[in-house]
Amino acid sequence: MKRLLTLDKSRIIITALLLGGFSVVGVGLVSVTQEATRERIAQGELAVLRGQVTAVLRPGSFDNNPADTAFLPPDPEALNLPPLKPEPSDPVERLSASVRAGIVGFRAMKEGKVTAVVLPVITPYGYSGDIKLIVGVDREGEITGVRVTKHNETPGLGDKIETAKGRWIFGFEGKSLDDPGEKGWAVKKDGGVFDQFSGATITPRAVVGAIHQVLEYVRLHHDELFDAPHSSRHEHDDESKDKPEAAHIPTEVNHE
């Protein structure tokens, strides 16, 4: 009997050890899979962002690849951009992490001159939470294009801010602070010039406010955005070593 009990105890211990080992391996595999999935999603989002950056710029207004000129916008809080957590101490790593987080701007250039900038902005006033956009603005302060990069608005109502669901977002092209003016920068229900959606006013109101916010931002930071020295990933000098390096968004996605 004692021998049988000893054998049973041994089997229990072995079984427990095996189960524990399988559990550790299983948790490890799940962690690796989750990390790989996050990386694939991030790469996919970067590829989409690259196309959107070009889409909000006027054709022929640049001879560079704007996706190669990512920069950290000054005063990011004015665009409701969240800080990186944790924030890398190395400027290049910080810029790369910011690109992945979608909180960087881009410069369009022609013959060495900045012709337009593409800026991210987040509005917390969407019907279903944050709405993230990128807005192209030229040197004269005119909007060259707008795209919504992320949102959770109601399908069939608020999602008309997407280009695939309607042409509403194209209505901002060519607008500026003076056109339509301070009072005009609102939906028609609030006395402005921009249409709201049938059954959905909160979403377009939030987007209009965010775009106007970008125009005000450009007015305040015009010199920094258009005239400040900038670096490219190909050209650097000794004085630029302590400055953030322009980040490159990959053209091809190797995952997903």
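As the structure is a prediction and not an experimental result, all values here were calculated from the model.

K.L.:
Let's hear about the pairing of strand S3 (residues 129-138): which residues, and what values?
P.N.:
Among the ten residues in S3, seven count as buried, and that is most of the element. Here strand S2 (residues 113-126) pairs with S3 via nine bridges, running antiparallel. Bridged to Ile122 within S3 is Lys132. In this structure, the hairpin formed by S2 and S3 is closed by a connection of two residues. Adjacent in sequence and paired antiparallel, S3 and strand S4 (residues 143-150) are bridged by four residues, among which Gly141 carries a positive phi angle near 85°.

K.L.:
Describe the pattern of salt bridges, naming the residues involved and giving the relevant values.
P.N.:
Throughout the structure, instances matching the rule amount to eight salt bridges. Between Arg58 and Asp138 there is a salt bridge, with the nearest N and O atoms lying 2.8 Å from each other. With Arg58 in the loop between helix H1 (2-55) and helix H2 (91-101) and Asp138 in strand S3, the pair connects residues that are 80 residues apart, well separated along the chain. Overall, the relative accessible area of 32% leaves Arg58 in the partly exposed class. Taken together, the shared-partner salt bridges connect Arg58, Asp138 and Glu142 into one network.

K.L.:
Pulling in residues and values, what's your account of the packing of aromatic side chains?
P.N.:
For the coordinates displayed, the defined rule picks out five aromatic pairs. Taken together, a centroid distance of 5.1 Å and an interplanar angle of 85° make the contact between Trp168 and Phe172 edge-to-face. As far as the burial class goes, Trp168 and Phe172 line up, both buried. Taking the centre distance of 5.0 Å and the plane angle of 40° together, the rings of Trp185 and Phe194 count as tilted. In this structure an aromatic cluster arises from ring pairing among Trp168, Phe172, Trp185, Phe194 and Phe197. The ring of Phe71 has Arg107 sitting right over it, with the charged end atom 4.0 Å from the ring centre. Across from the ring centre of Phe170, 4.3 Å away, lies the NZ or CZ of Arg167, which sits over that ring.

K.L.:
With reference to specific residues and values, describe unusual backbone geometry.
P.N.:
Note the cis peptide between Lys85 and Pro86, where omega equals -10°. Inspection of the secondary structure assignment puts Pro86 in the loop between H1 and H2. Of note, the bond from Asp179 into Pro180 is cis; its omega dihedral lies within 30 degrees of zero at 25°. Position of Pro180 relative to the elements: it lies in the loop between S4 and helix H3 (202-220). Of note, the phi angle at Asp75 is positive, near 50°, even though the residue is not glycine. Take Asp75: it is sitting in the loop between H1 and H2. Here the phi dihedral of Glu111 falls at roughly 55°; this positive angle occurs in a residue that is not glycine. Mapped onto the elements of the fold, Glu111 is located in the loop between strand S1 (106-110) and S2.

K.L.:
Which residues make up H3, and what are the values?
P.N.:
With 19 residues, H3 extends 27 Å from end C-alpha to end C-alpha; this agrees with the ideal 27 Å at 1.5 Å per step. Every buried residue of H3 is listed here: Thr203, Pro204, Ala206, Val207, Val208, Ala210, Ile211, His212, Val214, Leu215, Tyr217 and Val218. Where H3 is buried, its residues meet S2, S3, S4 and helix H4 (222-226).

K.L.:
Describe in detail the pairing of S2, supporting the description with residues and values.
P.N.:
Burial analysis of S2 places eleven of its 14 residues in the buried class, the great majority of the element. Adjacent in sequence and paired antiparallel, S1 and S2 are bridged by two residues, among which Glu111 carries a positive phi angle near 55°.

Here is what the cut-offs are and how they apply
- Throughout, residues of each chain are indexed from 1 in the direction in which the sequence is written.
- Reporting in this predicted model follows two pLDDT cut-offs: at least 70 for local features of residues, and 80 or more for side-chain atom pairs to be given and counted; totals over whole chains, interfaces and linings ignore these cut-offs and use all residues.
- Heavy atoms throughout the structure, all of them, feed into the side-chain values; hydrogens and water do not.
- We call a residue buried when its accessible area falls under 20% of the maximum for its residue type, exposed when it is over 50%, and partly exposed in between, using a 1.4 Å probe and counting protein chains only.
- Secondary structure elements are defined from DSSP: runs of H or I of at least 4 residues count as helices, runs of E of at least 2 residues count as strands, and each element is numbered from the N terminus.
- Criterion used throughout: strands pair if DSSP finds at least two bridges between them.
- Within this document, salt bridges are pairs made up of a side-chain nitrogen of Lys or Arg and a carboxyl oxygen of Asp or Glu, the two lying within 4 Å of each other.
- Ring pairs are drawn from Phe, Tyr and Trp, using the six-membered ring of Trp, whenever the two centres fall within 6.5 Å, and their geometry is named by plane angle: stacked under 30 degrees, edge-to-face over 60, tilted for the rest.
- Here, a charge over a ring is recorded when the distance from Lys NZ or Arg CZ to the ring centre is within 6 Å and its angle to the ring normal is within 35 degrees.
- Given the number of residues in a helix, its expected span is that number minus one, multiplied by 1.5 Å.
- By definition in these notes, contact holds between two residues if any of their heavy atoms fall within 4.5 Å.

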